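# Summary of structural features
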Amino acid sequence: MKKCIYCNTELIRAELHTSSELTPVIKKEKAFALDFFRSSSDFAPYVCSKCGFIAFFLDIPEIFSDENY
Ligand SMILES: [Zn+2]
């Protein structure tokens, strides 16, 4: 469970909607183009229903670990 760092309320997963047809991803800065799918991850905003804080979390944070970087 993810909690708000300001008021300790449970964060709720939401969806990021953009004007683009493409789903945004977070990608490793120096990854090669052919490595795109192994070096990028979907992410989602988590919102606090009490104070309005928003945090983004990667679905696959391991792509940024030392051994994968
Ligand atoms: Zn909060």
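Residues numbered from 1 in each chain as written. Predicted model: local features only at pLDDT ≥ 70, side-chain atom pairs only at ≥ 80, totals over all residues. Heavy atoms only, no water.

Across its full length, the protein chain holds 0 helices and 5 strands. Counting from the amino terminus, the protein chain carries its helices and strands in the arrangement β-β-β-β-β. Relative to its full complement of 69 residues, the protein chain shows a buried share of 22%. Intrachain contacts of the protein chain at a sequence separation of at least 6 include 46% that bridge at least 24 residues. Entry remark: accessible area of the protein chain is about 5,700 Å², with carbon and sulfur atoms responsible for 55%. (Helix = DSSP H or I, 4+ residues; strand = E, 2+ residues; numbered from the N terminus. Buried < 20%, exposed > 50% of the residue type's maximum accessible area, 1.4 Å probe, protein only. Contact = heavy atoms within 4.5 Å. Areas by Shrake-Rupley, 256 points an atom, 1.4 Å probe, with all protein chains shown as cover.)

This part covers the pairing of strand β4 (residues 43–48). Along a regular strand, successive side chains alternate from one face of the sheet to the other. Counted residue by residue, β4 has 5 buried out of 6 residues, so it is predominantly covered. Relative to β4, strand β1 (residues 11–13) runs antiparallel, the two sharing 3 bridges. From the neighbouring strand, I12 faces β4, where its bridge partner is V47. The pairing of β4 with strand β5 (residues 54–58) spans 5 bridges and is classified as antiparallel. The residue bridging P45 from the neighbouring strand is F56, located in β5. Here β4 hands over to β5 after 5 residues, with G52 in that stretch at a positive phi of 90 degrees. (Pairing = 2+ DSSP bridges.)

Time to look at the coordination of the zinc ion. Taken together, the protein ligands of the zinc ion are C4 (SG), C7 (SG), C48 (SG) and C51 (SG), with distances of 2.2 to 2.3 Å. Coordination at the zinc ion is tetrahedral: its 4 donor atoms span angles of 98 to 123 degrees at the metal. Under the relative-accessibility criterion, C51 is labelled partly exposed at 42%. (Donors = N, O, S within 2.8 Å, 3.2 Å for Na, K, Ca; no water. Tetrahedral: all angles 85-135°; square planar, octahedral: opposite > 155°, others 65-115°.)

A few words now on the packing of aromatic side chains. Under the definition given, this model contains 3 aromatic pairs. Ring centres of Y6 and F53 lie 5.1 Å apart, and the angle between their planes is 70 degrees; this geometry places the pair in the edge-to-face category. Highlighted residues: Y6 in the segment before β1 and F53 in the loop between β4 and β5, separated in sequence by 47 residues. Among the residues examined, Y6 registers a relative accessible area of 62% and is labelled exposed. (Phe/Tyr/Trp six-rings, centres within 6.5 Å; stacked < 30°, edge-to-face > 60°.)

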